[in-house]
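# Descriptive structure summary
Spelled out, the chains give:
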Amino acid sequence: MSGKDTTPLGGWVADSYDVVAEFDDLMPTGLTVTDEGRVFVSFPRWGDEVPYTVAEVVDGKALPYPSRELNERSTERTPDRLVSVQSVITDPAGHVWLLDTGSPSFQPWLENGPKVVEVDPATDQVVRTIHLDGAAVTPTTYLNDIRFDFSRGPGGFAYVTDSQPEGALIVIDLGSGESWSKLRGHHSTRATDGFRAVVQGIVRENYAVGADGIAISADGTRLYYCPLSSRRLYSVATATLIDRSLSDEEVAKSIVDHGDKGASDGLESDTDGNLYATAYEHSAVLKLAADGSWSTLLHGPSVLWPDTLALAADGYLYVSVNQLPRTPLFNAGVDDRVPPYRIVRVPVDARPIRLTRSEPVR
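What follows deals with the side chain of Ser-235. In this structure, Ser-235 sits in strand β20 (residues 232-237). Residue class for Ser-235 comes out buried when judged on its relative accessible area of 0%. Looking at Ser-235, its side chain comes within polar contact range of the side chain of His-258, at 2.7 Å.

See below:
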């Protein structure tokens, strides 16, 4: 199935894409595709009735994953039960990780809520759960997206964006399970003061979201990120993030401001050094080539709020499209959404980054 509008515009095609799945009652944010082609999505609990917050897409339908029991809401909270999963991602070893905000409807997170859950898709079983340390979070932390590098440290590292307005980057040592934050409140991670988004011609002044999009360089030496309430792209040296002895001021010395890219939610990267960014004000997805040139991959009215990007081994860039500005949380309590919500994909002829121990250790 493909998009309806296939009118050529300047060498690319507006609104042309393959539809992977459509959902009438569940609004997706997170998205990942394993190298075997399995598609997983997350449905955060933002006020809708969400029977399961993580699902696998099978024959176009969402099925609770890894089990319905793990997804069930309960007044008797257990440390490993999923609360509200914002993102799902495939790691370099092929496991699927669930990034649980622990925060229903952006409220302060529940006890034991903020965590990452590792699932082995070969068995569909949870391998481990890592709860974030108190030093890594604040009472209003909102975990947004995550990237992995298994080529450094005894067990590798995970990098997470904290999207509360002051913003931060959170580092998880996967070997020890310890976690910490860097650049909390730095101008590159915090929401821009007075930020106004214009989405499909409508002025939106209620977006105060810090570090959101995240992507790692092909060699793992730099981490790209951006606040949602900003139009700039930044990167920082990963070596400074994983060094707990460095102060934020010392970490900040390695930051590069890559300039204006438009306002973005999700970021992604590939092995050729290209970077991909959603452009939510323009209902588009953009590509920043390794040579510094920008181009448009996808654009059209039906792409209302491209959220998460996931590059797959099949050479397609997958995109979740969820009409977020029409949700009550971001629309003064009014629900103007018109289902279905979609997972779509466009060909990019690129490979996802899988940083493993086979890569040189730096």
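And the narrative resumes.
What follows covers empty space enclosed by the protein. Summed over all chains, the structure comprises two cavities of 30 Å³ or more. Space inside the largest cavity adds up to approximately 250 Å³. Ile-89, Thr-90, Arg-147, Glu-268 and Arg-354 are, among the 22 residues lining the largest cavity, the residues nearest its centre. Residue assignment for the lining of the largest cavity shows that the elements contributing at least two residues are β4 (31-33), β8 (85-90), β12 (143-149), β22 (267-269) and β26 (306-311). Approximately 40 Å³ is the volume attributed to the second largest cavity. If you trace the second largest cavity, you find it lined by Gln-86, Ser-87, Asn-144, Asp-145, Asp-212, Gly-213, Asp-265, Gly-266, Asp-307 and Thr-308. Considering only residue class, the lining of the second largest cavity consists of no nonpolar, six polar and four charged.

Turning next to the sheet that holds strand β3 (residues 18-23). Where strands meet in a sheet, backbone hydrogen bonds hold them as pairs that are either parallel or antiparallel. Here four strands make up an open sheet; going across it, the order is β3-β28-β27-β26 and the pairing antiparallel. Of all strands in the sheet, those with a lone pairing partner are β3 and β26, marking the two edges. Adjacent strand axes in the sheet meet at a mean angle of 20 degrees, parallel and antiparallel pairs treated alike. For strand β27 (residues 316-321) and strand β28 (residues 341-347), the ladder comprises six bridges, and the chain directions are antiparallel. Residue pairing for β28: Ser-320 is matched across the bridge by Ile-343.

With that settled, consider the sheet that holds strand β15 (residues 179-182). Strand order in the open sheet formed by four strands is β12-β13-β14-β15, and the pairing between neighbours is antiparallel. Two strands lie at the open edges of the sheet, namely β12 and β15, each paired on one side alone. Averaged over neighbouring strand pairs, the angle between their axes works out to 25 degrees when direction is ignored. Examined bridge by bridge, strand β14 (residues 168-173) and β15 share four bridges and lie antiparallel to one another.

Each value, and the rule that gives it
Residues numbered from 1 in each chain as written. Predicted model: local features only at pLDDT ≥ 70, side-chain atom pairs only at ≥ 80, totals over all residues. Heavy atoms only, no water. Helix = DSSP H or I, 4+ residues; strand = E, 2+ residues; numbered from the N terminus. Buried < 20%, exposed > 50% of the residue type's maximum accessible area, 1.4 Å probe, protein only. Polar contact = N/O pair within 3.5 Å; in protein donor to acceptor, adjacent residues only side chain to side chain. 1 Å grid on protein atoms, 1.4 Å probe; cavity = no way out; pocket = protein on both sides within 12 Å on 5 of 7 lines; lining within 4 Å. Points joined across faces, edges and corners; volume = space filled by probe spheres on them. Nonpolar A, V, L, I, M, F, W, Y, C, P; charged D, E, K, R; others polar. Pairing = 2+ DSSP bridges. Axes fitted to C-alpha atoms, helices over the stretch in contact; angles between N-to-C directions.

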